[in-house]
Amino acid sequence: MIKKEISSRILTVAPHYIKTLGGISQVVSVYSNMYEEFNVVASTRDGSLIDRFIQTISGLYTFFRFILSKNIKIVHIHGATKGSFWRKAIFIYLSKIFNKKVIYHIHGANYKTFFYKHPKTITKVIQKCDLIICLSESWKSFFEEVTHPKRCIVLNNIIPLPTLFPDHHIPQKECNFLFLGRLGKRKGVYDLLEVLRDHKTYYKGRIKLFLGGDGEIEQVQKCIKEYGLEEIVKYIGWITGEKKIELLNKSDVYILPSYSEGLPISILEAMSYKLPIISTNVGGIPEVVFNDQNGYLITPGDQPALKICIDKVLISETLRKKMGEKSYTLSQKHFPYEIEQKLTTIYTELLKK
């Protein structure tokens, strides 16, 4: 627990961590339990354009109320690209007007593409901040090279402690593969479905793929039907809470063949539930998934390689168990008590300046 003498002087700005889906909200939800006093401003929420606009206006009002009525010294801002960046830029400038220390905690998978569309503006905003937090060494190198921030560090993404059932990963007739995330091309879901389509005779009765998430739901369901994969693939919607814990416990392999990523919370959570990982060599993923140790990494879009990796873990329960144990070991540095200690140090150092 971050003690009140420190936490009372921190203001978090982030998407609504209850009314918004996505990785940032999951991170902030876990963070909320680490502060003895959690001061938070919701900058946006899921819903219509009007809903999001109203939330932003409400967030600005709450921001001023905190700044003017409490002894806030540090504003810790969680953000990503596109609309998130422009909203957070407002809070960054306002925080500096009130002479607050600013931490910009950067999430989001497509920051490189976004940066090269607005290099001058993004650089100017980042250089306003006192500290940039990145999710991996690769992203730290990128931001240091192109924006030259005052200070930039890596802080591991946080995940809740796993709730492992006594009978988790008991072998079943079918090997359960799990995919969680926004359904669409960026996460590689269509590559995955096409591999299963091209080899469905072999995989029928051997694999069950659970797809969880939002995004291009209708298009994905259409593919499942057109490809004749109804007996292999099941779409389960966006899952949270106890349903998510149950699904992670009954899954055997986590698969996410993305084209771009920061460092997916879903991969880290799957690792904490002792799952081998099949993913791609993008973003910070190669810093937590290691070939032949706790999973396999491929080049995005390489469907033959994806099939090879699926087959390797499919045929060997022993391999899955060995890789799963390694995943769990690697995931422990993302547990709350590790992040809490590092955050306390970060805040303490900034408060002394």
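Rules and cut-offs
- Residues numbered from 1 in each chain as written.
- Predicted model: local features only at pLDDT ≥ 70, side-chain atom pairs only at ≥ 80, totals over all residues.
- Heavy atoms only, no water.
- Helix = DSSP H or I, 4+ residues; strand = E, 2+ residues; numbered from the N terminus.
- Rg over C-alpha atoms; globule rule 2.2 N^0.38 Å.
- Buried < 20%, exposed > 50% of the residue type's maximum accessible area, 1.4 Å probe, protein only.
- Contact = heavy atoms within 4.5 Å.
- Pairing = 2+ DSSP bridges.
- Axes fitted to C-alpha atoms, helices over the stretch in contact; angles between N-to-C directions.
- 1 Å grid on protein atoms, 1.4 Å probe; cavity = no way out; pocket = protein on both sides within 12 Å on 5 of 7 lines; lining within 4 Å.
- Points joined across faces, edges and corners; volume = space filled by probe spheres on them.
- Nonpolar A, V, L, I, M, F, W, Y, C, P; charged D, E, K, R; others polar.
- Salt bridge = Lys/Arg side-chain N within 4 Å of Asp/Glu carboxyl O.
- Expected span 1.5 Å × (residues − 1).
- Core = buried A, V, L, I, M, F, W, Y, C linked by side-chain atoms within 4.5 Å.

Draft legend 1. Geometry of the overall build of the chain. When helices and strands are tallied, the chain shows 15 helices and twelve strands. In terms of overall dimensions, the chain is globule-like: its C-alpha atoms have a radius of gyration of 21 Å, near the 20 Å expected for 353 residues. The dimensions of the chain, computed from C-alpha atoms along their principal axes, are 65 × 40 × 35 Å. Within the span of the chain, comprising 353 residues, buried residues form 55% of the whole. Across the chain, contacts joining residues at least 24 apart in sequence account for 73% of those joining residues at least 6 apart.

Draft legend 2. Structural context of the sheet that holds strand 2 (residues 39–42). Spatially, 2-1-3-4-5-6 is the arrangement adopted by the six strands of the open sheet, whose pairing is parallel. Lying at the two open borders of the sheet, with one neighbouring strand each, are strand 2 and strand 6 (152–154). Within this sheet the neighbouring strands show an average axis-to-axis angle of 20°, counted without direction. Pairing analysis gives four bridges linking strand 1 (residues 10–14) to strand 2, with the strands arranged parallel. For alanine 14, the partnering residue across the bridge sits in strand 2 and is alanine 42.

Draft legend 3. Representation of empty space enclosed by the protein within the structure. In total, this model carries two cavities of 30 Å³ or more according to the counting rule given. The volume enclosed by the largest cavity comes to roughly 50 Å³. Lining the largest cavity are Ile106, His107, Gly108, Tyr111, Leu135, Trp139, Phe143 and Gly262. Partitioning the lining of the largest cavity into residue classes produces five nonpolar, three polar and no charged.

Draft legend 4. The arrangement of the pattern of salt bridges in detail. Taken as a whole and assessed by the stated rule, the structure comprises 13 salt bridges. Across the pair lysine 96 and aspartate 130 runs a salt bridge, and its minimum N-O distance is 2.9 Å. Linking lysine 96 in helix 4 (residues 83–97) with aspartate 130 in the loop between helix 6 (119–128) and strand 5 (131–134), this pair joins segments that are 34 residues apart in sequence. Aspartate 130 sits in the buried class, given a relative accessible area of 14%. Put simply, glutamate 325 and lysine 274 hold a salt bridge, and the shortest N to O gap is 3.6 Å. On the criterion of sequence distance, the pair formed by glutamate 325 in helix 14 (residues 317–331) and lysine 274 in the loop between helix 12 (265–272) and strand 11 (277–280) is long-range, its members being 51 residues apart. The structure contains a network of salt bridges with shared partners spanning Lys4, Glu37 and Lys70.

Draft legend 5. Expanded view of helix 4. Taking 1.5 Å of rise per residue, 15 residues should cover 21 Å, and helix 4 covers 22 Å from first to last C-alpha, within 8% of that figure. Buried residues of helix 4: Ser84, Phe85, Lys88, Ala89, Phe91, Ile92, Leu94 and Ser95, and no others. Looking one or two places after helix 4, you find asparagine 99, whose phi comes out positive at around 60°.

Draft legend 6. Main features of the nonpolar core. Core analysis: the largest hydrophobic core is formed by 84 residues, its most contacted members being Phe177 and Ile310. Among the nonpolar cores identified, the runner-up in size contains 32 residues, and Phe85, Phe91, Ile106 and Ile132 belong to it.

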